[in-house]
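# Examination of the molecular architecture
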Amino acid sequence: MESSGPSPTSLNNFRVVYLITQMVGAAIVILMGSWIGVHLGGLSWTSNPATQFNWHPLLMSIGMIFLYGNSILVYRGFRYARKKPLKVTHAAIHGLAFVFTVVALVAAFDSHNLAKVPIPNMYTLHSWVGMAAVVLFGLQYLFGFVSYLFPGVRESMRSTYMPVHVFFGVLGFVLAVAASLLGLLEKAIFAMPDYRYLPPQGVLVNMIGLLLVVYGGLVVFLVTDPMYKRKALPEDAMLLTHSPSSQ
């Protein structure tokens, strides 16, 4: 599928950008944790619905942003690994991200439903875009698992579906970043009556938002630039020739 690889110079550039991407992604999770711990009252579960909600932005940042981004980059980040272990790793990271996402959604719905004055669910643009991203993510995981890890699927069908899988994988990630930005702004407005005066908490929130944009842009750049495509290994061709169902 990926017959040509990058030049040594472009590969060095890829490594630098890939490292920066990882640092930005880690910074998002760290700063999100700092915002929650310092300004939003920390974490709890159903005993305190207000702080139970804080699991939602934290776990979504880990699952639908950091892990999702790394999942779609795994083939290019570990280009010298064999194809089959990369498929398993790709699916495993997706699965872990899905677990984080489910817990994050439970926290959000619980915090609304268990509040002293229940808060309506699914009425904001953030919730609509976010749910669209989650549904697309789940469908991608299901169809990708069936197409590439389920035995017996013909290689021609896998090859035909691959561009669709890649496109909707990137689209889902972009939707996740957009939903995160909308949710970040929504929470900031609710949590900071003085947001217009840009208090330290507001600066922190804005920095997280900018890093989300940078991380999203870097991931999309790395995964769509043809110069950085993974070069097929001889083992890949041998597996394709002798055991189509294993690919």
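Residues numbered from 1 in each chain as written. Predicted model: local features only at pLDDT ≥ 70, side-chain atom pairs only at ≥ 80, totals over all residues. Heavy atoms only, no water.

## Details of unusual backbone geometry
The backbone of M122 shows a phi angle near 55 degrees, a positive value even though the residue is not glycine. Relative to the elements of secondary structure, M122 occurs in the loop between α4 (83-113) and α5 (125-148). Look at M122 and you get partly exposed, because its relative accessible area is 33%. With phi around 50 degrees, L198 is a residue other than glycine that occupies positive phi space. The exposure class assigned to L198 is partly exposed, which follows from its relative accessible area of 45%. (Helix = DSSP H or I, 4+ residues; strand = E, 2+ residues; numbered from the N terminus. Buried < 20%, exposed > 50% of the residue type's maximum accessible area, 1.4 Å probe, protein only.)

## Examining the environment of G25
Mapped onto the secondary structure, G25 falls in helix α1 (residues 8-39). A relative accessible area of 1% means that G25 is categorised as buried. In this view, G25 contacts F66 and Y215; residues no more than four positions away in its chain are not counted. (Contact = heavy atoms within 4.5 Å.)

## Brief notes about the packing of helix α6 (residues 155-191) against helix α7 (residues 200-224)
Close contact between α6 and α7 brings their axes to 10 Å; oriented N to C, the two are set at 175 degrees. Put simply, α6 runs roughly antiparallel to α7. Residues V170, F173, V174, V177, S180, L181, L184, A188 and A191 of α6 pack against Q201, V205, I208, G209, L212, V213, Y215, G216, V219, V220 and V223 of α7. Residues that form the contact of α6 with α7 fall into these classes: 16 nonpolar, 4 polar and no charged. (Axes fitted to C-alpha atoms, helices over the stretch in contact; angles between N-to-C directions. Parallel < 35°, antiparallel > 145°, perpendicular 65-115°, else oblique. Nonpolar A, V, L, I, M, F, W, Y, C, P; charged D, E, K, R; others polar.)

## Overview of the UniProt feature "transmembrane region" (unreviewed entry) in the chain
Here the UniProt feature "transmembrane region" (unreviewed entry) sits at residues 16-38, 58-78, 90-109, 129-150, 162-183 and 203-223. Along residues 58-78 the backbone is 95% helical and 0% strand, and the end-to-end C-alpha distance reaches 27 Å. Split by type, residues 90-109 is 100% helix and 0% strand. Its first and last C-alpha atoms lie 29 Å apart. (UniProt positions renumbered as here; feature names shortened; annotations may be inferred.)

## Topic: the nonpolar core
Ranked by internal contacts, the top residues of the largest apolar core, which has 46 residues, are W35 and M64. Listing elements by their share of this core, those giving two or more residues are α1, α3 (55-77), α4, α5, α6 and α7. Residue contacts for W35: discarding those within four places in its chain leaves L40, L184, K187, A188, Q201, L204, V205 and I208. (Core = buried A, V, L, I, M, F, W, Y, C linked by side-chain atoms within 4.5 Å.)

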